[in-house]
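# Reading the structure
One letter stands for each residue in the lines below.
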Amino acid sequence: MDVGFRCPVILCLTLVVLASVLADLDDTLMGAPGSSVRLSENDPGLKKALKFAEERYNMGSNTMHVRRVSKILSASKQLVKGIRYSIMVELSNTQCKKAARLMTCDFYPEEHNLKTEVCVFEVWDIPWESKSTLLKQKCQPAVDPKPVETNKVEFLSLSTSKPIEETEDSVELLGQFKEFMARYNRTYSSQEDTDRRLRIFHENLKTAEKLQSLDQGTAEYGVTKFSDLTEEEFRTLYLNPLLSQQNLQRSMKPAAMLRGPAPPSWDWREHGAVSSVKNQGMCGSCWAFSVTGNIEGQWFVKTGKLVSLSEQELVDCDTVDQACGGGLPSNAYEAIEKLGGLETETDYSYTGKKQSCDFTTDKVTAYINSSVELSKDENGDICLSNPTCFSLVVCPQFYRKGVSHPLKIFCNPWMIDHAVLLVGYGERQGKPFWAIKNSWGEDYGEQGYYYLYRGSRLCGINKMCSSAIVN
């Protein structure tokens, strides 16, 4: 079974919490590390983050006048080896031109000159390193909602904030939403929460339609089990956007060069090297699933035996990574080496939350000897020696099936935020693809798999590749 080729890994990350700096953070950050905490407008860290976001916004805009925050709509922060601020604000024009560089800038007194926008910013701040990074910036013109007196059922469009009358389209939408709730067993705490989820569902349908119209592959986008989540909720619950901070990755030795040409297609599922699709639940442990999936493949290549290995062991016993708060592949490989190996899924089953380490050396079923970083060339040989874990930017919150080929503006390769397992490659209807095993259950995508267009380095697929080595 020793094919003798190299393989790639790219994994998702959320940053390590440094216990030594907890005392330096202000008292408003409460709760478990990684939890989101709402902030008041007077929070000193929030003020600093807003100033940084304002500066970056003005540097990147082509407007004549300086724009400032005129209203804070919501703000929260999350401890992730520093502090990640999630902020929604209104930005408005001031009377200062950018070239003037004045110390004080007043807003226009006339409302039509303010040209207010609603903006969402994410700022990652590391106070002890005096370092800030703008992770996200999304803005759209602010539109004041106009109340309408009616006895009809109404809901708000999130993009326009204007009520939509009861029409055939709205009745169809309500039917789709009820079908979604029934299929995915959704219940909500109140009528207000139900109405909010309906608005989010409606907005997500429009986003899926936009992705569908712009996709260059054969993918189908639409209603998925994530359709009642905002983008922020989806990222917080299932992703690790700070994986884009590649400077935190431990240095790894490069893999050996390929010893022969790669075949036109390959699928490790057909060779018995891939376990069934698993589900990480609402825990940012994709890094653990990617690493164990890679080792399952390596172990199969060396022994001919496929065993399902324990992700929970890594969630509980990897003392460097942050369990459901995220982790790095390089750290996970090193942790497995120090522990002495991995137990099976049966012996150390997954719970989706951090527990005390219950690892037993006597139950070790598979081990690794080292780990390597793989080439950034997007060639088929990267998955030839075993299924390979790797990280990518997740575009497919609304992916259903087919070969996804999103525009690069929807899949910024520098904003890696998820870890998955590469199990094969080939071609469908003239579209070359990567076959990607996800960890969101079999009710996602094509029985738990995502197919991404191959050959254009989409979604950062070639940015962070690594693999375990079993001698």
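Bear in mind that the values here come from a model prediction, so they are computed numbers and not experimental data.

## Examining the overall build of the protein
Scanning the protein for helices and strands turns up 8 helices and 17 strands. Taking all 471 residues of the protein together, 52% fall into the buried category. Considering only intrachain contacts with a sequence separation of at least 6, the fraction spanning at least 24 residues in the protein is 75%. Summed over all atoms, the accessible surface of the protein reaches about 22,300 Å², with 50% contributed by carbon and sulfur.

## Considerations on helix 1 (residues 44-60)
Between the first and last C-alpha of helix 1 there are 25 Å, a value that for 17 residues agrees with the 24 Å anticipated at 1.5 Å per step. Here helix 1 has its buried residues at G45, L46, A49, L50, F52, A53, E54, Y57 and N58. Considering only its buried residues, helix 1 is in contact with strand 2 (65-79), strand 3 (83-97), strand 4 (117-126) and strand 5 (131-141). Put simply, D43 is the residue that caps the front of helix 1, since its side-chain oxygen is 3.0 Å from the backbone nitrogen of G45.

## Here's the deal with the packing of helix 6 (residues 286-303) against helix 8 (residues 329-339)
As a packed pair, helix 6 and helix 8 sit with axes 10 Å apart at the nearest point and diverge in direction by 60 degrees. Judged on the interaxial angle alone, helix 8 and helix 6 are oblique. As for how helix 6 packs across helix 8, the hand of that crossing is right-handed. Residues W287, V291, N294 and I295 of helix 6 form the contact with helix 8, whose own contacting residues are P329, A332, Y333 and I336. Looking at the contact of helix 6 with helix 8 residue by residue, the classes come out as 7 nonpolar, 1 polar and no charged.

## Here's the deal with the environment of K463
Among the secondary structure elements, K463 is positioned in the loop between strand 16 (449-453) and strand 17 (466-469). Considering only alpha carbons, one finds K463 and L392, 71 residues apart in sequence, at a separation of 7.9 Å.

## Some details on the state of the cysteines
Here a disulfide denotes one covalent bond, and it connects the sulfur atoms of two cysteines. A complete count under the given rule lists 4 disulfides for this structure. Bridging C119 to C139, the disulfide has an S-S length of 2.0 Å. Judged by the torsion about the S-S bond (115 degrees), the C119/C139 disulfide is right-handed. Taken as a pair, C119 in strand 4 and C139 in strand 5 lie far apart in primary sequence, 20 residues in all. Note on C139: relative accessible area 30%, which makes it partly exposed.

## Description of the packing of aromatic side chains
Inspection of the entire model under this criterion finds 21 aromatic pairs. Ring geometry for F234 against W440: centres 5.5 Å apart, planes inclined by 75 degrees, an arrangement best described as edge-to-face. Separated by 206 residues along the polypeptide, F234 in helix 5 (residues 231-238) and W440 in the loop between strand 15 (431-437) and strand 16 bring together distant segments of the chain. The exposure class of W440 is buried, given its relative accessible area of 1%. What links up through ring pairs into an aromatic cluster is the set Y221, F226, F234, Y238, Y399, W440, Y444 and Y450. R428 extends its terminal NZ or CZ atom over the ring of F433, reaching a point 5.7 Å from the ring centre. If you follow R454 out to its NZ or CZ, it ends over the ring of W434, 5.6 Å from the centre.

## Quick notes on the confidence of the model for the protein
Across the protein, the average pLDDT comes to 80, with 79% of residues at or above 70. Counting interchain partners and residues more than four positions distant, the pLDDT-below-50 stretch residues 1-34 has 141 contacts. Counting contacts from residues 144-166, a segment whose pLDDT is below 50, to residues more than four positions away or on other chains yields 40 contacts.

## Points about helix 5
Residues of helix 5 that are buried include every one of E233, F234, R235 and Y238, and no others. Buried residues along helix 5 sit against strand 4, strand 5, helix 4 (191-214) and strand 14 (418-428).

## Examining the pairing of strand 16
For strand 16, the buried fraction is high: 5 of the 5 residues fall into the buried class. Here strand 16 shows no split at all, with Y449, Y451 and Y453 on one side and Y450 and L452 on the other all buried. In this sheet, strand 16 lies alongside strand 15 in antiparallel orientation, the contact comprising 5 bridges. Directly across from I436, in strand 16, lies its bridge partner Y450.

## Digging into the side chain of S467
Mapped onto the elements, S467 comes out in strand 17. Here the side chain of S467 touches N294 through a polar contact of 3.1 Å, side chain to side chain.

## Things to note about the nonpolar core
Judged by nonpolar contacts, the single largest core of 42 residues is most densely connected at L392, I436 and L452. Looking at this core, the elements that each hand over two or more residues are helix 4, helix 5, helix 6, strand 11 (388-392), strand 14, strand 15 and strand 16. Both domains that furnish three or more residues to this core are identified here as domain 2 (173-221) and domain 3 (237-469). Setting aside anything within four residues of it in sequence, one finds L452 in contact with L392, V403, S404, P406, P432, F433, W434, I436, L458, C459 and I461.

Rules of the game
Residues numbered from 1 in each chain as written. Predicted model: local features only at pLDDT ≥ 70, side-chain atom pairs only at ≥ 80, totals over all residues. Heavy atoms only, no water. Helix = DSSP H or I, 4+ residues; strand = E, 2+ residues; numbered from the N terminus. Buried < 20%, exposed > 50% of the residue type's maximum accessible area, 1.4 Å probe, protein only. Contact = heavy atoms within 4.5 Å. Areas by Shrake-Rupley, 256 points an atom, 1.4 Å probe, with all protein chains shown as cover. Expected span 1.5 Å × (residues − 1). Polar contact = N/O pair within 3.5 Å; in protein donor to acceptor, adjacent residues only side chain to side chain. Axes fitted to C-alpha atoms, helices over the stretch in contact; angles between N-to-C directions. Parallel < 35°, antiparallel > 145°, perpendicular 65-115°, else oblique. Left-handed = near helix turned anticlockwise from the far one by under 90°. Nonpolar A, V, L, I, M, F, W, Y, C, P; charged D, E, K, R; others polar. Disulfide = S-S within 2.5 Å. Phe/Tyr/Trp six-rings, centres within 6.5 Å; stacked < 30°, edge-to-face > 60°. Lys NZ or Arg CZ within 6 Å of the ring centre and 35° of its normal. pLDDT = per-residue confidence, 0-100. Pairing = 2+ DSSP bridges. Core = buried A, V, L, I, M, F, W, Y, C linked by side-chain atoms within 4.5 Å. Domains from an automatic or database assignment.

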